[in-house]
Amino acid sequence: MGEGASRSAFAVPTGQDRGRGAASRVSSMASAPTSKYNSHSLENESVKRTSRDGVTQDLDEAVPRLPGETRITDKEVIYICPFNGPIKGRVYITNYRLYLRSLETDSTLILDVPLGVISRIEKMGGATSRGENSYGLDITCKDMRNLRFALKQEGHSRRDMFETLMRYAFPLTHSLPIFAFANEEKFNVDGWMVYNPVEEYRRQGLPNHHWRITFINKFYELCDTYPPLLVVPYRASDEDLRRVAAFRSRNRIPVLSWIHPENKTVIMRCSQPLVGMSGKRNKDDEKYLDVIRETNRQISKLTIYDARPSVNAVANKATGGGYESEDAYPNAELFFLDIHNIHVMRESLKKVKDIVYPNVEESHWLSSLESTHWLEHIKLVLTGAIQVADRVSSGKSSVLVHCSDGWDRTAQLTSLAMLMLDSYYRSIEGFEILVQKEWISFGHKFASRIGHGDKNHADADRSPIFLQFIDCVWQMSKQFPTAFEFNERFLMTILDHLYSCRFGTFLYNCESVREKQNVTERTVSLWSLINSNKDNFKNPFYTKEINRVLYPVASMRHLELWVNYYIRWNPRIKQQQPNPVEQRYMELLALRDEYIKRLEELQLANSAKLTEPSSSPASPSQMVPHVQTHF
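Since the structure is predicted, the reported quantities are computational estimates derived from the model, not experimental observations. (Residues numbered from 1 in each chain as written. Predicted model: local features only at pLDDT ≥ 70, side-chain atom pairs only at ≥ 80, totals over all residues. Heavy atoms only, no water.)

Undergrad: Help me get a handle on the overall build of the protein, residues and values and all.
TA: For the protein, the helix and strand inventory stands at 19 helices and 16 strands. Within the protein, the fraction of its 631 residues that count as buried is 56%. Sequence-distant contacts in the protein: of pairs separated by 6 or more residues, those separated by 24 or more amount to 71%. Surface exposure of the protein reaches about 27,100 Å², of which carbon and sulfur atoms provide 50%. (Helix = DSSP H or I, 4+ residues; strand = E, 2+ residues; numbered from the N terminus. Buried < 20%, exposed > 50% of the residue type's maximum accessible area, 1.4 Å probe, protein only. Contact = heavy atoms within 4.5 Å. Areas by Shrake-Rupley, 256 points an atom, 1.4 Å probe, with all protein chains shown as cover.)

Here is the structure:
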């Protein structure tokens, strides 16, 4: 791993660099700042620095606690550090985190781990274990790291710690509330107000003469995994929608995600048609897709992008699903995008973890990385989104996107295409709206894919689909460093809190369940934290551009492993925080602001003197012209 000199932010890493380069390490979520009204937040800890372990260290004696966080127990343990060996320390467990402080004089190690990131807790060693530090607990985390603690065999200390961790890391399994419902943090911005569907559709120019807003799903009666408010063709009645729903998996009918401001082509999303082995047809569904095609008076066929490999789509017929055949939909053109299913993605990420934690597979790094197929999957997702964006941007035709159920690969494709097409989504709040709309409101199964508070780590529904989307966004931000208002820390903070259970933003599978649980009233939004501290998440190189379409290069040569995320726990990743180029740029911006301020002061002084009656010759300050700086 990289021990060499720092690299410019603009350098393009080679294939070898992707595994070896020293990348700037972004602070973990524990160092993102919080509201000025919250002095007890984890983000407001006193003195903090980063150890050679790549974990956070704190020089204050107190264990940090959030409002609503309560201490449960503490134990003396040996932390088996994979990088520096055994470290004696005291571990504190609250209803939110596991916090370890070193007790050794030559180590100031701190581990600060939200219990929500824990995937699995196992006992290691038994009563007859004789090896040093062979008796204790093994903890597997969802954020690419593992923790191991050795404990004394006498006095039930392991049993007590195991039971406490199981209870608070997996509260749903033990009929306890998730921490987000106990969190009492207060922020000066309400993140729940960020997304208003009516306002977002209005920003897109909707409704109009061709598209209407329907409240047919107001009580989630049409589709329990869709939001209450949907945009559909003006010519389609609510009764038509009900008949179409009967022919789409989970009743997830084709609805509008985005409309092009000029050529008026649209991106629609839905689930697969229920064709089955017998090749069923549904005249209402066929007519509805024709109405979508004709809405913009299009002569060309409607383009349907099925995210699945064609063999999977055919196989889905056996379970009652399928795809739109040419016979049934003569006015549609179907393309398969070959993106694999949730199980393939889960196994791929496991392989990535195997080669990066605890030790990076150095001897055959490139072949090891290739064998995970992770970047190959990233490439296929990006390639699919580029096709969607290009078809709409060129005005060739409107696009319908689906996979099987329309809440995993479909969300990846629609949101990435919208990010490429619409510069608004590249701002901080715009991106929050994109996530809130295409992922949260349209029913990506966050609870099932992440397993919040659930001990069933082997659940076949677990899958890193949202992580994959954020990785794709990071790849785009690397290729277009001035196009996004947000920085890498923003993306990492979102991922950290995807697991942490500190906020209500990613809880549950769909809006109907969130409404029943009163999530917006009973929990804090992640966007409250971020929007109260926007400066920490801003990209200093951002240049606002309207209507610029971004087409990232999706070839393997231009994609790289996101080292700062996947390998951030490894101390041998050279830490450059903040990035030296970014730091220098920020200094220049501050200098510019200072010069502008001084110039304005001189101009004010000059104008004041010019108005004073005086026979004396003008002083140098009176001669200062109104200067425009090149900044």
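Undergrad: Go over helix H9 (residues 374–393), please, and point to the residues and values.
TA: Between its first and last C-alpha atoms H9 spans 28 Å; for 20 residues at 1.5 Å apiece the expected length is 28 Å, and the two agree. Following H9 by one or two positions, glycine 395 has its phi on the positive side, about 80°. (Expected span 1.5 Å × (residues − 1).)

Undergrad: Describe in detail helix H7 (residues 342–356), supporting the description with residues and values.
TA: Here H7 spans 21 Å end to end across 15 residues, near enough to the 21 Å set by a 1.5 Å rise per residue. Among the residues of H7, the N-terminal cap falls to asparagine 341, whose side-chain oxygen and the backbone nitrogen of histidine 343 are separated by 3.1 Å. (Polar contact = N/O pair within 3.5 Å; in protein donor to acceptor, adjacent residues only side chain to side chain.)

Undergrad: Can you tell me about the sheet that holds strand E12 (residues 255–259), naming the residues and giving the values?
TA: Spatial strand order, E12-E13-E16-E14-E15: 5 strands in an open sheet with mixed pairing. Only two strands of the sheet have a single neighbouring strand rather than two, namely E12 and strand E15 (332–336). Ignoring strand direction, the axes of neighbouring strands in this sheet form an average angle of 25°. Looking at chain direction, strand E14 (residues 302–306) and strand E16 (residues 399–402) are connected through 4 bridges and run parallel. (Pairing = 2+ DSSP bridges. Axes fitted to C-alpha atoms, helices over the stretch in contact; angles between N-to-C directions.)

Undergrad: Can you lay out the packing of aromatic side chains for me, pointing to particular residues and giving the numbers?
TA: Tallying each qualifying case throughout the model produces 25 aromatic pairs. Ring geometry for tryptophan 474 and tryptophan 562: centres 5.4 Å apart, planes at 10°, overall stacked. With tryptophan 474 in helix H13 (residues 465–479) and tryptophan 562 in the loop between helix H17 (526–531) and helix H18 (563–566), this residue pair connects regions lying 88 residues apart in the sequence. Of the two residues examined, tryptophan 474 and tryptophan 562, each falls in the buried class. Each ring, one from phenylalanine 490 and one from phenylalanine 537, has its centre 6.4 Å from the other, and the planes form 70°; the classification is edge-to-face. In this pair, phenylalanine 490 sits in helix H14 (residues 488–500) while phenylalanine 537 sits in the loop between H17 and H18, placing the two residues 47 residues apart along the sequence. Side by side, phenylalanine 490 and phenylalanine 537 carry an identical accessibility label, which is buried. (Phe/Tyr/Trp six-rings, centres within 6.5 Å; stacked < 30°, edge-to-face > 60°.)

Undergrad: Give a detailed account of the environment of tyrosine 195, specifying residues and quantitative values.
TA: If you trace the backbone, tyrosine 195 turns up in the loop between helix H2 (157–169) and helix H3 (197–203). On a C-alpha basis, the gap between tyrosine 195 and valine 435 in space is 9.5 Å, while along the polypeptide they are 240 residues apart. Not counting the four nearest positions on each side in its chain, tyrosine 195 is found in contact with Glu200, Ile433, Gln436, Lys437 and Ser441.

Undergrad: Which residues make up a nonpolar patch on the surface, and what values go with them?
TA: On the surface, Leu588, Leu591 and Tyr595 cluster together into a nonpolar patch covering about 250 Å² of accessible area. Here leucine 591 is to be found in helix H19 (residues 580–611). (Patch = residues over 30% accessible without salt bridge, like charges linked within 9 Å, V, L, I, M, F, W, Y side chains within 5 Å. Salt bridge = Lys/Arg side-chain N within 4 Å of Asp/Glu carboxyl O.)

Undergrad: Give a description of unusual backbone geometry that names residues and reports values.
TA: The omega torsion across leucine 206 and proline 207 is 0°, close enough to zero to call that bond cis. That bond from tyrosine 357 to proline 358 is cis: its omega, 0°, falls within 30 degrees of zero. Unusually for a residue other than glycine, serine 175 sits at a positive phi of about 55°. Relative to the helices and strands, serine 175 is located in the loop between H2 and H3. The backbone phi angle of lysine 264 is positive, close to 65°, even though this residue is not glycine. Note on placement: lysine 264 falls in the loop between E12 and strand E13 (266–269). We classify lysine 264 as partly exposed; its relative accessible area is 33%.

Undergrad: Outline the packing of helix H11 (residues 428–441) against H14, supporting the account with residue identities and numerical values.
TA: Interhelical geometry of H11 versus H14 gives an angle of 30° and a closest axis separation of 12 Å. Comparing the axis directions of H11 and H14 gives the class roughly parallel. In terms of crossing hand, the pair formed by H11 and H14 is right-handed. Here H11 contributes Ile428, Phe431 and Glu432 to the contact with H14, which in turn contributes Phe490, Leu491 and Ile494. For the contact of H11 with H14, the residue count by class is 5 nonpolar, no polar and 1 charged. (Parallel < 35°, antiparallel > 145°, perpendicular 65-115°, else oblique. Left-handed = near helix turned anticlockwise from the far one by under 90°. Nonpolar A, V, L, I, M, F, W, Y, C, P; charged D, E, K, R; others polar.)

Undergrad: Break down the pattern of salt bridges for me, with residues and values.
TA: In the structure shown here, the tally under the stated rule is 41 salt bridges. Here arginine 71 ties to aspartate 74 by a salt bridge, and the two come within 3.7 Å at their closest N and O atoms. Of the residues examined, aspartate 74 reaches a relative accessible area of 27% and is grouped as partly exposed. Note that arginine 449 is salt-bridged to aspartate 408, the shortest N-O span being 2.7 Å. Here the residue arginine 449 occupies a position in helix H12 (residues 446–450), and aspartate 408 occupies one in the loop between E16 and helix H10 (409–421), the gap between them amounting to 41 residues. Judged by relative accessible area, which is 7%, aspartate 408 ranks as buried. One continuous salt-bridge network, built from bridges that share partners, spans Arg71, Asp74, Glu76, Lys88 and Arg90.

Undergrad: Provide a residue-level description of the nonpolar core, including the pertinent values.
TA: Counting residues in each nonpolar core, the largest one holds 117 residues, and the members touching the most others are Ile121, Phe149, Phe431, Phe466, Ile494 and Tyr566. Per-element accounting of this core gives the leading share, 10 residues, to H9. If we skip the residues at most four places from it in the chain, phenylalanine 431 touches Leu419, Tyr424, Tyr425, Phe469, Ile470, Val473, Phe486, Phe490, Leu491 and Ile494. Grouped together as the second largest cluster of nonpolar side chains are 34 residues, Ile216, Ile292, Ile304 and Tyr329 included. (Core = buried A, V, L, I, M, F, W, Y, C linked by side-chain atoms within 4.5 Å.)

Undergrad: Tell me about the side chain of arginine 212, and name the residues and values.
TA: Topologically, arginine 212 is positioned in strand E10 (residues 211–214). Residue classification places arginine 212 among the buried positions, given a relative accessible area of 17%. Within polar-contact distance, the side chain of arginine 212 engages the side chain of aspartate 238 at 2.7 Å. Apart from the residues within four sequence positions on either side, arginine 212 is in contact with Pro207, Leu230, Val231, Val232, Pro233, Tyr234, Ala236, Ser237, Asp238 and Leu241.

Undergrad: Before we move on, can you summarise the environment of isoleucine 118 with the specific residues and values?
TA: Relative to the helices and strands, isoleucine 118 resides in strand E7 (residues 118–124). On the basis of relative accessible area, isoleucine 118 is assigned to the buried category, the value being 1%. Separated by 51 residues in the primary sequence, isoleucine 118 and alanine 169 place their C-alpha atoms 6.5 Å from one another. When neighbours within four sequence positions are excluded, isoleucine 118 is seen to be in contact with Ile139, Thr140, Cys141, Lys142, Ala169 and Phe170.

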